[in-house]
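Chains, contacts and geometry: an overview
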Amino acid sequence: PGTVMLQVRVAQVAPGLLLVLAEDRTQARRLEAIRRDFVVNVSHELKTPVGALSLLAETVQDAADDPEAVRRFAGRMISESQRLSELVHEILELSRLQVAGALKDIAVVDVDAVVAESVDRARTGAAAKQMGFQVGGETGTRVFGDPTMLVQAVRNLLDNAVRYSPAGTTVGVGVRTCEGLVEIAVVDQGVGIPAEEQDRVFERFYRVDPARSRETGGTGLGLSIVKHVAADHGGDVQVWSQPGRGSTFTLRLPVAAGPVPTAAPDDRPQ
Ligand code: ADP
């Protein structure tokens, strides 16, 4: 009754305020639903590798007197644990990005360095499929942001390009400036994405072909992370794709003016 009285009083004093309060409540409910969905999805995703690990452990136990079988199953346990730890890492990363102000080390960032570092990290996975990267386009562009998060975003696009392309193909990385935005495009000659799925691939845990993603070790969170990183930098990510021909993912970030600050000798970590 107290609340009702208060609402009646507020309605008399400031009718607009009630509308704001109601909107706030709708927004809070929407956020709560998103959070609940996320928890359900996460639990579901964690169940698969955890189940596989426990099954493998039981098998190892039963095969104790067959060293060759033990070695084989132990190897599979290692790859399942790696998958689990990658999944946990990406879940934490995404939860962090969903909180406002997640960017930590904001600075003017050299895009060439971000691309070089991302390519470097994606190289091992690419080499395993006899794939390589061809980097080209404009050099010397700068954006304002968190270099670690930007490397993570570009790396996710490169990993996907490798994951969803046939062995032996090349992944292109192109940089250009267009209308105040630096565009980093990752171009592959892979399986492509059907038009009706292209918006959905940025949703958490959405996969066009769940069986293939499981096989290739995807977590279903990569593009969702890219989307959040882009948005936190005032940019976006776009996709162009043709099934059977390939895909191009373009990360667009506002251009930063001015030089990249270099640490003065005294500021360097000891
Ligand atoms: P995953 O970890 O499964 O790769 P992502 O969020 O990175 O998750 O991508 C979501 C889905 O989008 C993938 O499962 C895949 O179906 C599709 N996808 C992403 N990148 C590409 C690409 N370069 N080529 C074809 N399909 C892609």
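Residues numbered from 1 in each chain as written. Predicted model: local features only at pLDDT ≥ 70, side-chain atom pairs only at ≥ 80, totals over all residues. Heavy atoms only, no water.

In the annotation of an unreviewed UniProt entry, the protein is listed under the name Sensor-like histidine kinase SenX3 and assigned to Cellulomonas pakistanensis. The annotation that UniProt attaches to the protein under Subcellular location (unreviewed entry) is "Cell membrane". In the Catalytic activity (unreviewed entry) part of its UniProt record, the protein is described as follows: "ATP + protein L-histidine = ADP + protein N-phospho-L-histidine." (UniProt positions renumbered as here; feature names shortened; annotations may be inferred.)

Comments concerning the overall build of the protein
Across its full length, the protein holds 7 helices and 7 strands. For the protein, the N- to C-terminal ordering of α and β elements is α-α-α-β-α-β-β-α-β-β-α-α-β-β. Scored against the burial criterion, the 270 residues of the protein give a buried share of 35%. Put simply, 72% of the contacts in the protein that link residues at least 6 apart link residues at least 24 apart. Only carbon and sulfur atoms are counted for the fraction: they give 56% of the accessible area of the protein, which is about 16000 Å². (Helix = DSSP H or I, 4+ residues; strand = E, 2+ residues; numbered from the N terminus. Buried < 20%, exposed > 50% of the residue type's maximum accessible area, 1.4 Å probe, protein only. Contact = heavy atoms within 4.5 Å. Areas by Shrake-Rupley, 256 points an atom, 1.4 Å probe, with all protein chains shown as cover.)

Regarding the sheet that holds strand β2 (residues 132-137)
Reading across the sheet, the 5 strands line up as β2-β4-β5-β7-β6 and stay open at both edges, with mixed pairing between neighbours. Edge positions in the sheet fall to β2 and β6 (236-242), since each has one partner strand and no second. Neighbour to neighbour, the strand axes of the sheet diverge by 15° on average, direction disregarded. Pairing analysis gives 6 bridges linking β2 to strand β4 (residues 170-178), with the strands arranged parallel. Within the sheet, the bridge partner assigned to Gly136 lies in β4 and is Gly174. Running at roughly 165° to β2, helix α4 (residues 111-127) makes contact with β2, β4 and β5 (181-187) of the sheet. (Pairing = 2+ DSSP bridges. Axes fitted to C-alpha atoms, helices over the stretch in contact; angles between N-to-C directions.)

Structural notes on the packing of helix α3 (residues 67-97) against helix α5 (residues 147-163)
Two packed helices can be described by the angle between their axes and the distance between those axes. Where α3 contacts α5, the axes come no closer than 13 Å and their chain directions differ by 135°. Taken together, the axes of α3 and α5 are oblique relative to one another. Regarding α3 and α5, the two cross each other, and that crossing is left-handed. In contact with Glu86, His89, Glu90, Glu93, Arg96 and Leu97 of α3, α5 contributes Met149, Gln152, Asn156 and Arg163. (Parallel < 35°, antiparallel > 145°, perpendicular 65-115°, else oblique. Left-handed = near helix turned anticlockwise from the far one by under 90°.)

Digging into the pairing of β6
Sheet faces and side chains relate simply in a regular strand, where the side chains alternate between the two faces. When β6 meets strand β7 (residues 246-254), the two strands line up antiparallel, connected through 7 bridges. The residue of β7 that forms the bridge with Gln242 is Gly246.

Some points on the side chain of Thr248
By the element assignment, Thr248 lies in strand β7. If sequence neighbours within four positions are ignored, Thr248 has contacts with Ala185, Val186, Val187, Gln238, Val239 and Trp240.

So, a nonpolar patch on the surface
A grouping of Leu17, Val20 and Leu21 is seen on the molecular surface, where their side chains present a nonpolar patch of about 240 Å² in accessible area. Relative to the helices and strands, Leu17 is located in helix α2 (residues 15-62). For Leu17, a relative accessible area of 42% puts it in the partly exposed group. (Patch = residues over 30% accessible without salt bridge, like charges linked within 9 Å, V, L, I, M, F, W, Y side chains within 5 Å. Salt bridge = Lys/Arg side-chain N within 4 Å of Asp/Glu carboxyl O.)

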